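Architecture at a glance
Residue-level listing of the chains:
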Amino acid sequence: MRRGQRNQGSARGPDHPTVPRCDTVLRTAISDQKPLGCWSLKHGQILTCPVVCNFETHEYIAVHDDKVLRIWKSEDISLDKAFKATLSADVYRIHSLPHGGLLVLFRGGGVRTLDELLEAPQQEIENVISGEAIRWSGAFMEDQQPVLIFTTEKDEDFFVYVQKPKLNSLHKYKLEQQESAKPLCFTAHITNQTVTLLCLYSNDSVYQILIPLQQDTEEEEEEKEILSKSLLLNFSISQAVLKGTSLVALDKDHIAVLGSLNAPKKQPKECLTIWNTKFQTLQTSKELPLGTSGQLWCYEEKFFLIHGKVLTVIMYKCETSSLAAAVGKLKCSQTPDVSSFMNWNTLEDEELVVSFQSQESVGLKAESRMNLRSKKSIDAELPFDSLSPGQVLARFKDAPNYLLETKFRRLMARAPTPDLQATVGGVVNVLTDRCKNSKYYPQDFLQEIVETWDLSYSLCPDLMAVGLEKKDMHLLQTCLERFPDIPEEITYACLKAFLSISEAHLENTDVNLDSVICYIDVESDKKEVKTEIVENGFSAQMDQDMCGTKIPKESQSWSDDESCPVGPQKAALLNAVLHSAYTETFLLPHLKNLPAQEAVLFLRYLYYLYVKCSGKVNTTLPGIRSPTINQIMDWMCLLLDAHFTVMVMLPEAKELLSNLHRFVRAQVRFYSELNKIEGSLRELQRLNHLRESHTYSIEVLEII
Amino acid sequence: MGEFEVHRVRFFGLVPAGVRCLACHPRGSRLALARTDGAVEVYNFAANYFQEKVIPGHELRTVESLCWAAGDRLFGAGLSGDITEYDLSGLSAARGVDGGGGPIWSMVANSTGTQLAIGCEDGSVKIFQVVPGGIQFERNLDRRKGRVLCLSWHPSDTHIVAGSIDFFRVIDVTSGQTVQRIMVNHHVEKAKRECVVWAISLLSSGTVVSADSFGRVQFWDWEQGTLAESHTVSTSAALSLAVSEKEDSIIVGTSTGATYQLQLLPVTLGGQEKRWVRTKPFQFHSHDVRAVAHSPTALISGGLDAQLVIRPLMEKIQKKSYDAALRKFTFPHRRLVSCARKARLLLFQFSQYLELWRLGSTEETGKDGEVLPLCQMPEHLVQLKSKGPEHIYCSCVSPCGTWVGYSTASRFHLYRVHCDGDGVSLRKVPKVPKLLPPAYQLQFSADSDSLFVASARGSVHVFQLLEPGGCKHLHTLRPPSGCSEAVYLLAPSADGHWLAAVSGDWVSAVVPSVHCPLLQHHCTVPTYNCAVSALAIHPSTNNLVIAYSDQQLLEFSIPEKQYTSWSRAVQSRGLHRAWLERDSPITHITFNPKNPSHILLHDTYLLCVLDKSLPLPDDSTLLMNQSTLKQLPETARKRQLHAFKICKKFQPLLFMDLLDENCLVVVERPIMDFKTQLPLPVQQKKFGT
């Protein structure tokens, strides 16, 4: 019932409001926060009433310059070419009713259905009201009949009209006068053949006026009935007073009021409040510090309001009114939470201030029109390079894939600005958003971005997750090498992915081998790698079954320390993990989840690295980004810590562990011996240094 | 790439002279420095502190004080009693005017640079007017007993404060009378020692800041004659002080080698009352810090250990640049060594004599890092003493090793070297053409047939060398348009067709050399806004390789009169960040005739073989990757190679040259070696000794 009755004009369901501005119509998808369509009028034409959508025919209806009707569909591009009809009288508002067609309310109080009008656009429209100005109107369906209610004002008197166009009935009521207060805002709903008109008065109170619909007696028709009103609610919160500007009835016991809260000695604060009328309590309130336009719309349990420069959508839920809820004791309170908001000037562009001035506020019309026109021209024709990064991101969010990449490349090729880094992060986020759950994956482009820009994990938090999802090993490797702030959870996820991926798959993957090329001889290890694939091909269960036979075989292939237990690609990936920064406490819980087979494989690789390192005098592996001995030792300790019990139990780890132990013990002995020698050598060196006052020598210097 | 047999020479006994005084140009772009041997140097802050000009010293001309006046004119005064103006374009001491008060201990210019005040041995303070073409005695101020060791003008030029032993006095400039005389050791009980006021400064607030031999920095109110604050910064003498232009920071140099910064800071945060607080101590020097200067962004100190230290004030620096790092300069930014490649001789230039050495040799070969046994020891052939008090400007030995030339401020000398067996004899070439201005650079042609002499006003003289020992002036090459600056670098081409010359206004001109029929100016390399620190012409391609003091490298094709494509590629790509952030400028460039794509260059801390055929490194790769490469197997190296092959084994490197295809000579001067030759510093008790 509530659909299509408010100022904003109804739309194709609450998810797609059409957002009218004085000469432009913008259709927006709330859930995706993106505009779906935009239509503009010619220069000089003004939309004079909110655009509505006929959801039977999926057509949009707009009125511009009071009399000109336009009807178009979403696939139409230009408003100029849309259907046009010029009417004989000024239109006040069009109301769209579900299953009830469209009602056009004229300034003079006449009502026609749209279909009637389209048959004879120039037909004469009767003038029902004399010298009164319509202040508010609403349309409802009651008994499958449209009911139109509107209020008018003349010389401080307010009148209420109830029209049933199908029945050609019209009732006029006069509103009981209230001393020193004027109605500011109306809202109505119909229950049980009774119109409940709620009226927000300027004395910070809401009055309720009940109008029976059934009184269709002919005699009373001419008589101006005076409607009595009853005080429903007074907005006073302790000492503060809520100056309401908009009012929406939510259900029979709840109303929402948008206004500013004026507390003594405090700055007025704009806020959205929900009141329980039954218990006269403030149910909840939400502060809107950026200011609003004073308007509030509500469709299907969603508030729409303009907060600062963005259209904010707030979901709400009204429980059945109960005392517990009213006094706030109900467990699940109905706190409104901001679900989504549509921001069409992302990243705060000053020049794009879009003002959603009330259609009624005629005084502001001119100004807002100016703003909107400038906005429109920017939107439509601005050259790419003068768009701010935020605009580009917002604009090309929905662009086709092929376009996206080229546009973003151009964006990133711009002269460096302080926030370019953030922009690149934004680009990556747009890309990863698109990659999620879709086939689209610009692998090279992402790789290039990560390699050229000093990004960090926090700048593009979804990138690595997408990389994991798409199994893009090279990207993950680069991220691990470059990002300084990868959470341990992701590091672990990468490690697991690297260990579990098959060597055969990796053979064909492009992975940066810089870190391993210097100590793994790719050619000679080929054979070893092959056998390893077979071994890893066993499922854990099979391994368990076959472990009895497997140990001797494995110890054979393992006993020579020379062979690397993993292929060079996998080794390079693991090195990237070894290189990433981590905190032990955070990593350990994740590491415990590593499957035993993979833990053993990893330990084996670490052991291999350790042996390799120890082979060198300076215990460093050659090459770029090759792991250092400290990193190897740290990971080895971590892994043993995390899988201590597993390692003890696992038969295939036994050999490995004893080898490792033997090697470490030998190293410890060796280093303690070294310690002794070092003392004597140092002394010798010192003496040598004193003697080294050679003034001349011929030395050999190799320059590579 | 290959192995080199490196002759590692450490017998060049150069002892750089200590820094005596410093003077910051009022606009902060240049720094003048005088050494204890009387040499005056000018450093350009904008060109990475390049030692732009050097005026060699003179035995009789010590410099006690330097000051900039009347714009860009530099004056020096010393114990000889003369005030000397330095001709910075002609690189010579121009005019000397007798101060008339005995040895001059200090000299300062007033704020407008129109007047100089000198403090003399006899206790007088004299004012000189700076006039075009010289200075003119104006008048004497009130004379009191006791040498005037330091002076300072009030910023409004109304008063001068003069520091002496045990006291300082304030003199009214207009009346010439002493208006205040303050005893600095008045407060010290039983002052047995005399207290020397080594440095003084008069602030605009009327506060006098004095640094004295008791290690104190004191702040006086001169009108009241009262001591406002006293900071004992050192147990030994405070020798020098400099105040920042804003008068909120002071640097003090002491005889222990430490420098201290004092800052005027509010007593409470945000409060109005301010006090001088000793904030930062620095220990950059091992010896007396006789001179300090305070530039807007840096503290500058020069010590008797010959070091010039520029310590940036990080709070004054907006962005990370070359200026943001601590800089220490010990060795000159020019060559003092020349090499006779064929004869394997080295010529070392000292301030007043030359040494000629013959390199040793070996018959062994070895692997990287090995020291080869010598079959012949290096030999000190001859020491050539320069006559007269003037110091040597430049020297050169011919590639064949048979000619040695040097020049002092007034005379040019050429010698013929005769090697007969073990004995070496020098014979002076008679009737050497007289040259009026000094020669700033000497360069023999590759075939030792002619000698190029860099001279003033951008001109180069060409001498023909005649057997058995004669010399004839052939002609003088002059730049087409007038040039006021002296030529300070020369580079002849190997084929003798070209000669590149760099003069002080940073223009490197290329002129055809003797063998070319048309002896006219060929072209000028586009002006760059930094000084050239080294240049050389490639023997086969005749490309001119230029190193600038901001570490840029350019290659200019002389025949085509334009930058080569490689040079353009380097410029568009940009040099590696680590290369650009190096400390000292390239001082010598040479080539490997057997490998035309190689350029060998060196600065004080590294030698580099630049292989143009290899890709340039980008900022993400390691610039100094030699040690990494050495660990890699042969097959893995290829990926890691880049154009800059840098060796930092030899430091500090004063000279490097290629003797032949795979034989290098490097001349090192370890800091410790010359530190031991300096006088002992003030003894300080160190913890644990």
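Residues numbered from 1 in each chain as written. Chains lettered and ligands numbered in written order. Predicted model: local features only at pLDDT ≥ 70, side-chain atom pairs only at ≥ 80, totals over all residues. Heavy atoms only, no water.

Turning next to the packing of helix α15 (residues 584-591) of chain A against helix α17 (residues 629-642) of chain A. Residue and element names in this part refer to chain A. Direction vectors running N to C along α15 and α17 enclose 50 degrees, while the axes themselves pass 9 Å from each other. Classified by the angle their axes make, α15 and α17 are oblique. The chirality of how α15 crosses α17 is right-handed. Across from E584, L587, L588 and L591 in α15, the residues of α17 making contact are W635, L638, L639, D641 and A642. Partitioned by chemical class, the residues of the contact of α15 with α17 number 7 nonpolar, no polar and 2 charged. (Axes fitted to C-alpha atoms, helices over the stretch in contact; angles between N-to-C directions. Helix = DSSP H or I, 4+ residues; strand = E, 2+ residues; numbered from the N terminus. Parallel < 35°, antiparallel > 145°, perpendicular 65-115°, else oblique. Left-handed = near helix turned anticlockwise from the far one by under 90°. Contact = heavy atoms within 4.5 Å. Nonpolar A, V, L, I, M, F, W, Y, C, P; charged D, E, K, R; others polar.)

Moving on, we come to the sheet that holds strand β19 (residues 207-212) of chain B. All names here are of chain B. The antiparallel open sheet is built from 4 strands, whose spatial order is β18-β19-β20-β21. If you trace the sheet from one side to the other, it starts and ends with β18 (197-202) and β21 (226-232), each paired once. Across this sheet, the average inter-strand angle for adjacent strands is 20 degrees, counted without regard to direction. (Pairing = 2+ DSSP bridges.)

By size, the foremost hydrophobic cluster in this structure holds 86 residues, and its most contacted members are F408, M464, F483 and Y605 of chain A. Not counting residues up to four positions away in its chain, the partners in contact with F408 of chain A are V392, L393, F396, V427, V430, L431 and F445 of chain A. A32, V63, A456 and F463 of chain B belong to the second largest nonpolar core, which has 34 residues in total. (Core = buried A, V, L, I, M, F, W, Y, C linked by side-chain atoms within 4.5 Å. Buried < 20%, exposed > 50% of the residue type's maximum accessible area, 1.4 Å probe, protein only.)

Residues and elements named next belong to chain B. Reading across the sheet, the 4 strands line up as β39-β40-β41-β42 and stay open at both edges, with antiparallel pairing between neighbours. Because the sheet does not close on itself, it has two edges, and the strands there are β39 (441-444) and β42 (470-477). Taking the axes of each pair of neighbouring strands and ignoring which way they run, one obtains an average angle of 25 degrees across the sheet. With 5 bridges connecting them, strand β40 (residues 450-454) and strand β41 (residues 460-466) associate as antiparallel partners. Within the sheet, the bridge partner assigned to F452 lies in β41 and is V462.

To continue, consider a nonpolar patch on the surface. Residue and element names in this part refer to chain A. The grouping of F670, Y671, L674, I677, L681, L684 and L687 at the surface amounts to a nonpolar patch, some 640 Å² of accessible area in total. If you trace the backbone, L687 turns up in helix α19 (residues 651-691). Take L687: its relative accessible area is 39%, and that puts it in the partly exposed class. (Patch = residues over 30% accessible without salt bridge, like charges linked within 9 Å, V, L, I, M, F, W, Y side chains within 5 Å. Areas by Shrake-Rupley, 256 points an atom, 1.4 Å probe, with all protein chains shown as cover. Salt bridge = Lys/Arg side-chain N within 4 Å of Asp/Glu carboxyl O.)

Attention now goes to the packing of aromatic side chains. This model, assessed by the stated rule, comprises 31 aromatic pairs over all chains. A ring pair is formed by F11 of chain B and W357 of chain B, whose centres lie 3.9 Å apart and whose planes are at 20 degrees; its orientation type is stacked. Here W357 of chain B lies in strand β32 (residues 353-358) and F11 of chain B lies in the loop between β1 (2-9) and β2 (19-24), a separation of 346 residues in the sequence. By the burial criterion, F11 of chain B is buried, and W357 of chain B matches it. Following the ring pairs from residue to residue traces out a cluster consisting of Y696 of chain A together with F11, F12, F348, F350, Y353 and W357 of chain B. Above the plane of the ring of W566 of chain B lies K612 of chain B, whose end atom (NZ or CZ) is 5.7 Å from the centre. (Phe/Tyr/Trp six-rings, centres within 6.5 Å; stacked < 30°, edge-to-face > 60°. Lys NZ or Arg CZ within 6 Å of the ring centre and 35° of its normal.)

Residue-level contacts link 41 residues of chain B with 21 residues of chain A. Interface area for chain B against chain A, summed over the two sides, is near 2900 Å², with a carbon-plus-sulfur share of 56%. Counting every contact that joins chain B to chain A gives 3 salt bridges. Taking the shortest distance from any N to any O, the salt bridge between E699 of chain A and R8 of chain B comes out at 3.0 Å. Summed over the shared surface of chain B and chain A, the result is 17 residue pairs in polar contact (both at pLDDT 80 or more). (Buried area = accessible area lost by both parts, 1.4 Å probe. Polar contact = N/O pair within 3.5 Å; in protein donor to acceptor, adjacent residues only side chain to side chain.)

The next point concerns helix α5 (residues 401-412) of chain A. All names here are of chain A. For α5, spanning 12 residues, the distance from its first C-alpha to its last is 17 Å, which sits close to the expected 16 Å at 1.5 Å a residue. Of the residues making up α5, those classed as buried are L404, K407, F408, L411 and M412. Along the long axis of α5, the arc covered by the buried residues comes to 130 degrees, so they all point the same way. Against the buried residues of α5 lie α4 (389-396), α6 (420-435) and α7 (443-452). (Expected span 1.5 Å × (residues − 1). Arc of directions from axis to C-beta.)

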